[in-house]
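Listed below are the residues making up each chain.
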Amino acid sequence: MEERLTDEPIKLDGLDGLPDEPEMPEAEDEIDEDLVGLTPSRLQEELAKRRAAEDRARREYEKLIEGAESLRHAGKFAEAEKLYRQAALYDPAAEEGLWAARTEEYTSTACFFKRSYAGDFAEAGARVRETVFAHMGPKIRAEKEAYEAEAAPLRTEVEAGRDSRREAFAANRNYWLWRFLGVLALFLAMGIACAVAGSYIVRTRGTAAPIATVVFGVLTLVSLAAVFILARKLFVAQRLVSDNEKLSSTEKGARLAELERRIGLLTLVLEGPAEDEDYTEDGTEDDTEDGAEEAPAEPSESPTEDAEL
C-alpha cells in the first residue's frame, strides 16, 4: 500500500473504533480565523500552545497578586500599586486591589488629583467604582463641597479685582500703542526722506543733498532707537493685559485655579467623563507625581509692576 505523505484524515466507510478527531473550539459569537483550515495535528499543537500560554499568564498573574498583596498589607502602597498595575494587564480583576493601593487602603483621595488617575477611575468597572465609593464616597463628596465653599467667595473677589484692573491696563496699553505707531511712522518717513535725499547727491553739485541725507539719516537712526524703546514699553503693557486675565497672576488667583482644578477632578471621579471629554495628560496639566499633594502655584510678578500710566 502506498504510504500517505499528507496529514489529511483518512475517510473509511464501515470502520469503527477510529480515534475521534480533536474537537474544534465552540464559537459563541465569532470564529477564530487563526484556527480555521488547520489540520487536526496542527490544531492540537495550536491549542496546546494556547493552553501553555494561558498557564504561564495565570502563574505570572498569581505571582504579581501575591507580591502586591504582601506589599499592600505592609503599607508599601506605591510598590504594591506598580505590581497591581502589571497584574491588571493579565486580568482586570486586579483593579480592585490597584485602587485599594492607590487610595492607601481607602484613606487618601490624593491620587484623584492626578488627572490621569481620575480619568482611569472614571472609566473603571462598576464593581471597582462601587467598592471605592462604599469606602470613600462620603469623604470624596465632603472634600468637593469644602473646595466649592472656599472657591465661591474667592472667585467673586478675584473676578472683581481682575475687572477693576482690566480698564486701566487696557488704557495703558493703548497709550503706548499710539506712541509706538507714531514713532514707527516717523522712522519710515525719515528713512524714505533719507533715501530720496541720497538719490539727488549724484544729480546735483550743491551741498544741500548731502547735508539733507546726513540729517535725515541721523533722524532715521534716532527714530529707530525710539521704536525699540517704545516697542518694549508696548510689550510690557500688553503683558500686563494678558497676565491680568490669568488666575495665576496673583496669589489668590493661583489658589482659585488650584481649587477649580480639584473640583473638576473630583467631579470627574464622582460623575464620570462628560461626552467627548479628553482627560488624558497633554503636558498642560500641573499633575503631581503619583497623586502627591501639590502646593499652590507660586504667584508670578504682580500685574501692577512695570505699569507706566
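Residues numbered from 1 in each chain as written. Predicted model: local features only at pLDDT ≥ 70, side-chain atom pairs only at ≥ 80, totals over all residues. Heavy atoms only, no water.

## Remarks on the overall build of the protein chain
Reasoning step 1: Within the protein chain one finds seven helices and zero strands.
Reasoning step 2: In the protein chain, which comprises 309 residues, the share counted as buried stands at 31%.
Reasoning step 3: Sequence separation of at least 24 residues holds for 69% of the intrachain contacts in the protein chain that already meet a minimum separation of 6.
Reasoning step 4: When the accessible surface of the protein chain is split by element, carbon and sulfur atoms take 54% of a total near 20,300 Å². (Helix = DSSP H or I, 4+ residues; strand = E, 2+ residues; numbered from the N terminus. Buried < 20%, exposed > 50% of the residue type's maximum accessible area, 1.4 Å probe, protein only. Contact = heavy atoms within 4.5 Å. Areas by Shrake-Rupley, 256 points an atom, 1.4 Å probe, with all protein chains shown as cover.)

## A word on empty space enclosed by the protein
Reasoning step 1: The final tally for this structure, using the stated rule, is one cavity of 30 Å³ or more.
Reasoning step 2: Roughly 30 Å³ of volume is contained in the largest cavity.
Reasoning step 3: A total of three residues in the lining of the largest cavity trace back to one element, the largest contributor, which is helix H5 (residues 126-199).
Reasoning step 4: When its residues are assigned to classes, the lining of the largest cavity shows two nonpolar, three polar and three charged. (1 Å grid on protein atoms, 1.4 Å probe; cavity = no way out; pocket = protein on both sides within 12 Å on 5 of 7 lines; lining within 4 Å. Points joined across faces, edges and corners; volume = space filled by probe spheres on them. Nonpolar A, V, L, I, M, F, W, Y, C, P; charged D, E, K, R; others polar.)

## A closer look at the packing of aromatic side chains
Reasoning step 1: With the rule as written, the count across this model stands at six aromatic pairs.
Reasoning step 2: Ring centres 5.5 Å apart and planes at 85° place the aromatic pair Phe121 and Phe133 in the edge-to-face group. One end of the pair, Phe121, is in helix H4 (residues 115-122); the other, Phe133, is in helix H5, with twelve residues separating them in the sequence.
Reasoning step 3: Classification of Phe121 as buried rests on a relative accessible area of 0%.
Reasoning step 4: Taken together, the ring pairs connect Trp99, Phe112, Phe121 and Phe133 into an aromatic cluster.
Reasoning step 5: Above the face of the Tyr175 ring, Arg179 is positioned so that its terminal group lies 3.7 Å from the ring centre.
Reasoning step 6: For the cation-ring pair, Arg262 lies above Phe113, with the distance from its terminal atom to the ring centre recorded as 4.5 Å. (Phe/Tyr/Trp six-rings, centres within 6.5 Å; stacked < 30°, edge-to-face > 60°. Lys NZ or Arg CZ within 6 Å of the ring centre and 35° of its normal.)

## Some words on the nonpolar core
Reasoning step 1: If you look at the biggest cluster of nonpolar residues, it comprises 28 residues, and the most contacted ones within it are Trp99, Phe112, Phe121, Val132, Ile140 and Val269.
Reasoning step 2: Elements represented by at least two residues in this core include exactly helix H3 (95-102), H4, H5 and helix H7 (251-271).
Reasoning step 3: Element by element, the count of residues in this core is highest for H5, at nine residues.
Reasoning step 4: Each residue touching Trp99, except ones within four places of it in the same chain, is listed here: Cys111, Phe112, Tyr117, Asp120, Phe121, Ala124, Val128 and Val132.
Reasoning step 5: Counting residues in each nonpolar core, the second largest holds eleven residues, with Tyr61, Ala80, Ala88 and Ala101 among its members. (Core = buried A, V, L, I, M, F, W, Y, C linked by side-chain atoms within 4.5 Å.)

## Notes on the environment of Ala209
Reasoning step 1: Structurally, Ala209 is set in helix H6 (residues 208-244).
Reasoning step 2: In sequence terms Ala209 and Ser199 are ten residues apart; their C-alpha atoms lie 8.3 Å from each other.
Reasoning step 3: Filtering out sequence-adjacent residues up to four positions away, Ala209 remains in contact with Ala197, Tyr200, Ile201 and Thr204.

## Observations concerning the environment of Phe113
Reasoning step 1: Structurally, Phe113 is set in the loop between H3 and H4.
Reasoning step 2: Residues Phe113 and Arg261, spaced 148 residues apart in sequence, show a C-alpha to C-alpha distance of 8.2 Å.

## A few points about H3
Reasoning step 1: For H3, the tally of buried residues reaches six of eight residues, placing the bulk of the element in the interior.
Reasoning step 2: The complete set of buried residues in H3 reads Gly97, Leu98, Trp99, Ala100, Ala101 and Arg102.
Reasoning step 3: Trailing H3 by a residue or two, Glu104 shows a phi angle of about 55°, which is positive.

## What to know about the pattern of salt bridges
Reasoning step 1: Taken as a whole and assessed by the stated rule, the structure comprises 17 salt bridges.
Reasoning step 2: A salt bridge links Glu143 to Lys139, with the shortest nitrogen-to-oxygen separation between them at 3.8 Å. One end of the pair is Glu143 and the other is Lys139, both in helix H5 and four residues apart, which spans about a single turn.
Reasoning step 3: In this structure, Lys246 and Asp243 form a salt bridge, with 3.8 Å as the shortest nitrogen-oxygen distance.
Reasoning step 4: With a relative accessible area of 19%, Asp243 lands in the buried category.
Reasoning step 5: What you see here is one network of salt bridges that share partners, running through Glu81, Arg85, Arg102 and Asp120. (Salt bridge = Lys/Arg side-chain N within 4 Å of Asp/Glu carboxyl O.)

## A short note on unusual backbone geometry
Reasoning step 1: Of note, Glu104 is a non-glycine position whose phi angle comes to about 55°, a positive value.
Reasoning step 2: Locating Glu104 in the fold gives a position in the loop between H3 and H4.
Reasoning step 3: Glu104 gets classed as partly exposed once you look at its relative accessible area, which sits at 38%.
Reasoning step 4: Not every positive phi belongs to a glycine, and Glu105 is a case in point at roughly 60°.
Reasoning step 5: By secondary structure assignment, the location of Glu105 is in the loop between H3 and H4.

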